[in-house]
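Summary of the model geometry
Here are the chains, one letter per residue:
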Amino acid sequence: TGDRGTILTSDNGTNWFPQTSGTTNWVYRVRAVNDRLVAVGESGIILTSTNGTNWSSVSSGTTRLLNAVDYLGDSFYAVGVQGTVLQSGNLTTWTNLGTLTAKSLYGVAGTSNQIVTVGIEGVVLRSLLTAAVEPISFTRIARSSGQNLLLLSDLVDRRVTLERSTTLTNWVEGVTLELIDRS
């Protein structure tokens with residue numbers, strides 16, 4: 001991929017053939033994701049192909065440069081400059097998810113339930129794709145020096161808020177914890 005809509009294909013890595021991309025925008029990266037080729041680039045361009053020869057353009061809803069794309073969980077995710085994060089379930093309709101950074105993002109990866117993006121100046125963002133519905137495990141409960149001690153166990157990257165009540169009907173929000181590793 002490259003400048004002015006350049007897309008080249010090869011079946012042997014030696015002989016390369018230009019394809020018609022239908023755009024004059026810079027095509028920054030192409031990935032094989034979910035039985036499709038998906039290319040992203042300048043001015044929010046997103047191109048798709050099933051064979052590498054015939055390319056179709058879809059509207060991303062942004063004019064920002066897109067740097068990477070991947071398929072995670074049940075959706076496609078594209079990331080780009082100024083913290084752009086887009087999501088699509090069908091490669092046709094894209095939703096801008098917003099982000100927690102204005103820094104440019106250059107890579108996206110993850111698992112079926114987590115997205116990780118990386119970018120300039122070492123920025124790393126991660127988020128669960130699906131809300132955890134399992135309850136937290138209280139591994140140990142003890143009392144020492146008039147204090148309640150709780151040992152919690154749960155999924156990594158999950159945030160939980162502890163609440164308290166003396167009546168079990170009126171609850172007061174307490175501290176929010178983020179579980180960042182298995183320890």
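This one's a predicted model, so the numbers in the text were calculated from it and none came from an experiment. (Residues numbered from 1 in each chain as written. Predicted model: local features only at pLDDT ≥ 70, side-chain atom pairs only at ≥ 80, totals over all residues. Heavy atoms only, no water.)

1. Thoughts on the overall build of the protein
Broken down by element type, the protein carries 0 helices and 17 strands. Here the protein has a C-alpha radius of gyration of 22 Å; the compact-globule value for 183 residues is 16 Å, and the former is much larger. For the C-alpha atoms alone, the extent of the protein along its principal axes is close to 75 × 30 × 30 Å. Across the 183 residues that make up the protein, the buried fraction comes to 33%. (Helix = DSSP H or I, 4+ residues; strand = E, 2+ residues; numbered from the N terminus. Rg over C-alpha atoms; globule rule 2.2 N^0.38 Å. Buried < 20%, exposed > 50% of the residue type's maximum accessible area, 1.4 Å probe, protein only.)

2. What about the environment of Ala102?
Inspection of the secondary structure assignment puts Ala102 in the loop between β10 (95-96) and β11 (105-110). When the C-alpha positions of Ala102 and Val81 are compared, they lie 7.9 Å apart, and in sequence the two are 21 residues distant.

3. What about the pairing of strand β12 (residues 114-119)?
Strand direction decides the pairing type here: β11 and β12, joined by 5 bridges, are antiparallel. Paired with Ala109 across the bridge in β12 is Val116. Counted along the chain from β11 to the antiparallel partner β12, the turn is 3 residues long. Here β12 pairs with strand β13 (residues 124-128) via 5 bridges, running antiparallel. In the sheet register, Ile115 faces β13, and the bridge partner there is Ser127. Connecting β12 to the next strand, β13, in antiparallel fashion are 4 residues, including Glu121 with a positive phi near 60°. (Pairing = 2+ DSSP bridges.)

4. Some points on the packing of aromatic side chains
Going through the model one piece at a time under the given rule, you end up with 1 aromatic pair. Ring geometry for Tyr71 against Phe76: centres 4.7 Å apart, planes inclined by 65°, an arrangement best described as edge-to-face. Classification of Phe76 as buried rests on a relative accessible area of 4%. (Phe/Tyr/Trp six-rings, centres within 6.5 Å; stacked < 30°, edge-to-face > 60°.)

5. With respect to the pattern of salt bridges
Using the criterion set out here, one finds 3 salt bridges in the structure. Asp3 is the salt-bridge partner of Arg4, the closest N and O atoms lying 3.9 Å from each other. When the shortest N-O distance is used, the salt bridge between Glu121 and Lys103 registers 2.6 Å. Of this pair, Glu121 sits in the loop between β12 and β13 while Lys103 sits in the loop between β10 and β11, and the two are 18 residues apart along the sequence. (Salt bridge = Lys/Arg side-chain N within 4 Å of Asp/Glu carboxyl O.)

6. Let's talk about the layout of surface pockets
Computed from the structure, the largest pocket encloses a volume of approximately 600 Å³. Along its surface, the largest pocket is lined by 24 residues, and Leu100, Ile115, Arg126, Ser127 and Leu128 are the ones closest to its centre. Looking at the lining of the largest pocket, the elements that each hand over two or more residues are β9 (85-88), β12, β13 and β16 (158-164). For the lining of the largest pocket, the element with the highest residue contribution is β13, accounting for 5 residues. Of the residues assigned to the lining of the largest pocket, the class counts are 9 nonpolar, 9 polar and 6 charged. (1 Å grid on protein atoms, 1.4 Å probe; cavity = no way out; pocket = protein on both sides within 12 Å on 5 of 7 lines; lining within 4 Å. Points joined across faces, edges and corners; volume = space filled by probe spheres on them. Nonpolar A, V, L, I, M, F, W, Y, C, P; charged D, E, K, R; others polar.)

7. Thoughts on the sheet that holds β12
With antiparallel pairing, the 3 strands of this open sheet are ordered in space as β11-β12-β13. Where the open sheet ends on each side, the last strands, each with one partner, are β11 and β13. The sheet shows a mean angle of 15° between the axes of neighbouring strands, direction not considered. (Axes fitted to C-alpha atoms, helices over the stretch in contact; angles between N-to-C directions.)

8. Focus on the sheet that holds strand β8 (residues 75-80)
Pairing is antiparallel in the open sheet, where 4 strands are placed in the order β7-β8-β9-β10. Two strands close off the open sheet at either side, each with one partner strand: β7 (66-72) and β10. Where β7 lies against β8, 6 bridges are found, and the strand directions are antiparallel. By the bridge assignment for β8, Leu66 is matched with Gly80.

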